[in-house]
Amino acid sequence: MDIENAPDRLRSLASWLLGQLTIESRRVVGEVLAEQGGLHRSQYALLASLEQFGPLSQTALSERGGLDRSDVVRMIDDLAERGLVERTRDPSDRRRNVVSITAPGRRLLTKLDVQLGRAQDRLLQALSAKDRAQLVRLLGRALGLRGTKA
């Protein structure tokens, strides 16, 4: 759709504007992730969760990311094949796997953070740094999040 020439009714709806920005952000982020190893957005989210929260069960990763458990298993399989995460049996419950990020996974995550930061800059280039920080705070508030970092 030609956003510039879209009807005023659409252009005045926050939901429509967010939808258009979402389409563009998915494209930009997808390009970065594809260039940096062919990861999916959800795999980046899994790596970020493991880095921030430490080793987690596959079920906890699924719940934390709002992802289907079978999708998480496939994504973890792929990340493990690449040496970005490792799976071990939970010593307290042998039926459960615990997933940990590896050193190569941390390095890739750091590299992706830099590249995704640049992508965010391109995506929001029409906004000042102050406006970008405010946008992140407002979106976080709209989603009911407290203490959203900008």
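Residues numbered from 1 in each chain as written. Predicted model: local features only at pLDDT ≥ 70, side-chain atom pairs only at ≥ 80, totals over all residues. Heavy atoms only, no water.

## A word on the packing of aromatic side chains
Here's step 1: Tallied over the full model, the rule gives zero aromatic pairs.
Here's step 2: The ring centre of Phe-53 lies 3.7 Å from the NZ or CZ of Arg-64, which sits over that ring. (Phe/Tyr/Trp six-rings, centres within 6.5 Å; stacked < 30°, edge-to-face > 60°. Lys NZ or Arg CZ within 6 Å of the ring centre and 35° of its normal.)

## A few points about the pattern of salt bridges
Here's step 1: Evaluation of the coordinates by the stated rule reveals eight salt bridges.
Here's step 2: Taking the shortest distance from any N to any O, the salt bridge between Asp-90 and Arg-96 comes out at 2.2 Å.
Here's step 3: Classification of Arg-96 as partly exposed rests on a relative accessible area of 37%.
Here's step 4: One continuous salt-bridge network, built from bridges that share partners, spans Glu-24, Arg-27 and Glu-31. (Salt bridge = Lys/Arg side-chain N within 4 Å of Asp/Glu carboxyl O. Buried < 20%, exposed > 50% of the residue type's maximum accessible area, 1.4 Å probe, protein only.)

## Remarks on helix H6 (residues 103-123)
Here's step 1: If you check H6, its first and last C-alpha atoms are 30 Å apart, about what 21 residues at 1.5 Å a residue would give, namely 30 Å.
Here's step 2: Turning to H6, its buried residues number three or more, namely Gly-105, Leu-108, Leu-109, Leu-112, Leu-116, Ala-119 and Leu-123. Viewed end-on, H6 has its buried residues packed into an arc of 100 degrees, placing them on one side of the element. In this structure, H6 carries Arg-107 and Thr-110 as exposed residues pointing more than 90 degrees from its buried face.
Here's step 3: Buried residues belonging to H6 abut helix H2 (14-35), helix H3 (41-53) and strand S3 (93-101). (Helix = DSSP H or I, 4+ residues; strand = E, 2+ residues; numbered from the N terminus. Expected span 1.5 Å × (residues − 1). Arc of directions from axis to C-beta. Contact = heavy atoms within 4.5 Å.)

## Describing H2
Here's step 1: Its 22 residues give H2 an end-to-end C-alpha distance of 31 Å, which sits within 8% of 32 Å, the value for a rise of 1.5 Å per residue.
Here's step 2: Inspection of H2 places Trp-16, Gln-20, Val-28, Val-29, Val-32 and Leu-33 among the buried residues, and these make up the whole buried set.
Here's step 3: Those residues of H2 hidden inside the fold are in contact with helix H1 (8-11), H3 and H6.

## Re the nonpolar core
Here's step 1: With 26 residues, the main nonpolar core has Leu-39, Leu-47, Leu-61, Ile-76 and Leu-79 as its most contacted residues.
Here's step 2: Taken together, the elements giving at least two residues each to this core come down to H2, H3, helix H5 (69-81), S3 and H6.
Here's step 3: Counting residues per element, this core draws most heavily on H6, which supplies six residues. (Core = buried A, V, L, I, M, F, W, Y, C linked by side-chain atoms within 4.5 Å.)

## So, the sheet that holds strand S2 (residues 85-90)
Here's step 1: The three strands lie next to each other as S1-S3-S2, forming an open sheet whose pairing is antiparallel. On the outer flanks of this sheet lie strand S1 (56-57) and S2, each paired with one strand and no other.
Here's step 2: Examined bridge by bridge, S1 and S3 share two bridges and lie antiparallel to one another. In the strand pairing of S3, Leu-56 is matched with Val-99.
Here's step 3: Across the sheet, H3 is in contact with S1, S2 and S3; its angle to S3 comes to roughly 95 degrees.
Here's step 4: Along the sheet, H5 contacts S2 and S3; its crossing angle with S2, the most-contacted strand, is approximately 120 degrees. (Pairing = 2+ DSSP bridges. Axes fitted to C-alpha atoms, helices over the stretch in contact; angles between N-to-C directions.)

From the geometry alone we can't say anything about function, so treat these as descriptive.
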